[in-house]
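# A closer look at the structure
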Protein chains: 2
Amino acid sequence: MSEQLKKLSINKSRFRKDFDELCKIGRTKQTGVNRPVFSQSHLEARKWFRKKTLEAGLEFHIDGAGNHSALLKSHQKDAPALLLGSHLDSVPDGGRYDGALGVLAALEVLRSISDEDIQLPVNLEAIDFTDEEGTIVSFLGSFAFTGKLTQEILNNPRGGRKNLVENLERVSLKESELFSAQREPKALAGYLELHVEQGPYLEKSGQSIGIVEQIAGLSFYRLTFIGREDHAGTISMQERLDAAQGASAFTLAVREIMLNKFPDCKANVGYTKYTPGAFNIVPEKAEISFEFRAADMKTFREMDQTFVKQAKLEAEKYGLELQIEFLGKRDPVQMAAAPLDAIHEAVDTLGLSYKKIISWAGHDAQALADICPSGMIFVPSVGGRSHSPEEFTKWEDCVNGANVLLHAALGMASK
Amino acid sequence: MSEQLKKLSINKSRFRKDFDELCKIGRTKQTGVNRPVFSQSHLEARKWFRKKTLEAGLEFHIDGAGNHSALLKSHQKDAPALLLGSHLDSVPDGGRYDGALGVLAALEVLRSISDEDIQLPVNLEAIDFTDEEGTIVSFLGSFAFTGKLTQEILNNPRGGRKNLVENLERVSLKESELFSAQREPKALAGYLELHVEQGPYLEKSGQSIGIVEQIAGLSFYRLTFIGREDHAGTISMQERLDAAQGASAFTLAVREIMLNKFPDCKANVGYTKYTPGAFNIVPEKAEISFEFRAADMKTFREMDQTFVKQAKLEAEKYGLELQIEFLGKRDPVQMAAAPLDAIHEAVDTLGLSYKKIISWAGHDAQALADICPSGMIFVPSVGGRSHSPEEFTKWEDCVNGANVLLHAALGMASK
């Protein structure tokens, strides 16, 4: 890379102006934003993105899954696309940075390169993926884009089938055309995503940039322990088959197993329900929602086996039946060498401190990693807060992140 | 007691006819009845009771709390009342025997004694207490009757204040006049109640009659363990403050403590709720509904202390706060010597097998025991089933129970 290119940086004031404008769209009373996918405010944010794209003299494109792209075309014919992106949708009553920062930075990178009239052997594409937060279908946009979307997923979407049908209709997306968003791997040079960490590790380390080496895998289960309904006053303690015992024992075991066997991974029992659920009735059913996360495939599989075995053990111990419902998973993903190198070089070029990091939350990059070399850049989340109006990242860190994205993109483009 | 009196028995066919008629009132599709207090079917059952009372030439009386009584007056002036009774209301979709059997048997005892023109030194009063099942206020009728009803109870009734006001208005009962139902202890010779066991002990023992020696005390708590809400994917296992751990540990500890320290008593965690209650959020709050029962005051107090201490221990262990809400209790009650003797003598006279038994469910007799010598007679519940359409007691056992009630009443009257 030339010395001139090494000195390139994004236009800080334009980037800030964009950020401030976008924050106003769907702004909540506090400092948050409420932009669930296809809500009025989300559609307004996308309209704003389109306007900014066209104002910058970039091409604009929408695919069959509603993914919005700004394009800076290469002078080379049939150049592959180097994707930079994230998402403009938010969780209900979410924060200003999650997703939005990555899309804004991607657009700013395209404009900064365009401003300097730099010729690259790739088409630069700033992409805003549809429904990363999964209000309708988790990762709808990036799953369609990478060929991971199936009719089965659409038939049983996270937000319910009715919600999906009504929402697609309202924004004039056709279900059958969602699949047309799929892109050929050979037409892609890679994918880079800037995102806030949403966790406390980076801030605690005092480093400016997180270089994501893995995105953790995530697995969901619904476990139902089944005993027998009895009058709690009349059945003896010895004879009752209390479903709550199995669920409670499993919940405690999860923590013990994690601390002893998988201290760096994550697992959570976040929901439980006893049926019938009255003071004086021994619970017949105790349902729990359980998830676990690991950064590598070996540990991910080992955790799965360990927890299924443990649930069976606890059920047996208390004379209960056990219903195991596997609700889905995303395998852990290792970031590719090329983007990792490009991000490391960018951080060096800019003289920023960094920390190698695992992303414990899911991202579109997880889907993209399957079809092209993908990388992620994290900036610190103050207090690790996310998915809340309190989400905050220092502006200096946002600018640093955008500059790392710029230089990593230049690096990837030249490889 | 004269040999002639010893041979007295109730009119089986009349008793059966009554039972069959009453079963039809509020009958559900299965063999159950649906007669929650002040429902149309409950009011119809009470109307039927009044009609039967008057047809038998007995006096009829309603007090300020809506308790319905049939009276067989003594020839002696200012004779005290010997109460025989139970309740005609049912839980929603309940069974045919719970409460109804005791009222029918009481009425039949009065008629059988009246038929023979037997003169007793007590007024016999067959009483149907209002809302034993607590649809509006637990034990409304017997609490008013015994002076245990307070304005505080009426301000925060189990079924909600609106429900109470509307129901009282609908049946033309005045709230201020509920208290007028209170009776003077000196005007009462005692209280006897025939009831189905609602538990499995009597059937298992193969005995015909249960002589209740204690009615277990019952105590209710709502315990809320409070930790911190965090993204389950990003907070480390070591740092999270997971409210579910405290609630689960307590739930397991309850069972262990019961089996080891109080194997003959009862305790139940019947309901739980995690807040916010999502797969990927560490539970901030874990609320549980907890009740325990003991047959004697010493154990009752010891259990209370043990469980409160245990809840605090578990909260501390997992770094949680603990909110303890005491929701009320009914102290255990020892049945009095006079009715116990009278029931024993009655069982002997009739040559029936019996078992001394604890009532683990609550009854109006618990309130009555505070102001007059009270006793309870149990008959076996097949499979221990109750509060359900499957509730069943063999007809022979019902007749035996009614005859024990008759002879115990004669015994009490002559003491």
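Residues numbered from 1 in each chain as written. Chains lettered and ligands numbered in written order. Predicted model: local features only at pLDDT ≥ 70, side-chain atom pairs only at ≥ 80, totals over all residues. Heavy atoms only, no water.

## So, the relation of the copies chain B and chain A
- For these two chains of identical sequence, chain B goes onto chain A by a turn of 180 degrees and a shift of 0.2 Å along the axis, with RMSD 0.2 Å. Put plainly, the chains are arranged around a two-fold axis. Considering only C-alpha atoms, the part of chain B nearest the rotation axis is S248(B), at 2.2 Å.
- Residue by residue, 98% of the interface of chain B is reproduced at the interface of chain A, so both copies engage with the same surface. (Least-squares fit on C-alpha atoms with pLDDT ≥ 70 in both. Contact = heavy atoms within 4.5 Å.)

## Topic: the interface of chain B and chain A
- With 52 residues of chain B in contact, the opposing surface of chain A contributes 51 residues.
- If you sort the residues of chain B by the area they bury against chain A, T234(B), M237(B) and F279(B) come out on top, with a joint share of 18%.
- For the pair chain B and chain A, the interface holds two salt bridges.
- Between K204(A) and E239(B) there is a salt bridge, with its nearest N and O atoms 2.4 Å apart.
- Applying the counting rule to chain B against chain A returns 20 residue pairs in polar contact (both at pLDDT 80 or more).
- Only α8 (201-205), β7 (217-226), α9 (243-261), β9 (266-275), β10 (281-282) and β11 (285-294) of chain B provide two or more residues apiece to the side of chain B that touches chain A.
- With nine residues, the top contributor of residues to the side of chain B that touches chain A is α9(B).
- Taken together, the residues of the side of chain B that touches chain A sort by class into 28 nonpolar, 16 polar and eight charged. (Buried area = accessible area lost by both parts, 1.4 Å probe. Salt bridge = Lys/Arg side-chain N within 4 Å of Asp/Glu carboxyl O. Polar contact = N/O pair within 3.5 Å; in protein donor to acceptor, adjacent residues only side chain to side chain. Helix = DSSP H or I, 4+ residues; strand = E, 2+ residues; numbered from the N terminus. Nonpolar A, V, L, I, M, F, W, Y, C, P; charged D, E, K, R; others polar.)

## Overview of the packing of aromatic side chains
Residues and elements named next belong to chain A.
- Following the criterion strictly, the structure yields 34 aromatic pairs over all chains and no others.
- For the pair F15 and W395, a centre-to-centre distance of 5.1 Å together with 35 degrees between the ring planes defines the contact as tilted. Of the two residues, F15 sits in helix α2 (residues 12-24) while W395 sits in helix α14 (residues 395-414), which places them 380 residues apart along the sequence.
- F15 sits in the buried class, given a relative accessible area of 1%. (Phe/Tyr/Trp six-rings, centres within 6.5 Å; stacked < 30°, edge-to-face > 60°. Buried < 20%, exposed > 50% of the residue type's maximum accessible area, 1.4 Å probe, protein only.)

## Topic: the nonpolar core
- By size, the foremost hydrophobic cluster in this structure holds 78 residues, and its most contacted members are F15(B), L84(B), I113(B), L124(B) and L405(B).
- Broken down by element, the residue count for this core peaks at twelve residues, all from helix α13 (residues 395-414) of chain B.
- Ignoring sequence-local partners within four residues, the contact set of F15(B) consists of I10(B), L101(B), L104(B), A105(B), E108(B), W395(B), C398(B), V399(B) and A402(B).
- Of all hydrophobic cores here, the second largest spans 77 residues; its members include L120(A), A342(A), V347(A) and I357(A). (Core = buried A, V, L, I, M, F, W, Y, C linked by side-chain atoms within 4.5 Å.)

## Considering the sheet that holds β11(B)
Residues and elements named next belong to chain B.
- Read from one edge to the other, the open sheet built from four strands follows the order β9-β11-β7-β12, with strand pairing classed as antiparallel. What marks the edges here is a single partner per strand, and that holds for β9 and β12 (321-330). Taken pair by pair, the neighbouring strands of this sheet meet at an average axis angle of 15 degrees, ignoring direction.
- Strand contacts of helix α10 (residues 297-317): β7, β9, β11 and β12, with the helix running at about 5 degrees to β7, the strand carrying the most contacts. (Pairing = 2+ DSSP bridges. Axes fitted to C-alpha atoms, helices over the stretch in contact; angles between N-to-C directions.)

## Side note on the pairing of strand β5 (residues 188-196) of chain A
Residue and element names in this part refer to chain A.
- With respect to burial, β5 is a largely interior element, eight of its nine residues being buried.
- Taken together, the four bridges between strand β3 (residues 81-86) and β5 define a ladder with parallel strand orientation. Paired with L84 across the strands is L192, a residue of β5.
- Where β5 lies against strand β15 (residues 374-379), six bridges are found, and the strand directions are parallel.

## A word on unusual backbone geometry
- Residue P276(A) is reached from T275(A) by a cis peptide bond, and omega for that bond is 5 degrees.
- Counting through the fold element by element, P276(A) comes out in the loop between β9 (266-275) and β10 (281-282).
- With a phi close to 70 degrees, Q198(A) is a non-glycine residue in the positive phi region.
- Within the element layout of this structure, Q198(A) appears in the loop between β5 and α9 (201-205).
- Positive phi, normally seen in glycine, also occurs at S172(B), with a value near 60 degrees.
- Its place among the elements puts S172(B) in the loop between α7 (161-170) and β5 (188-196).

## Comments concerning the confidence of the model for chain A
- Mean pLDDT over chain A: 95, with 100% of residues reaching 70 or higher.
- Scored as a whole, the predicted complex attains pTM 0.85, and scored at its interfaces, ipTM 0.85. (pLDDT = per-residue confidence, 0-100.)

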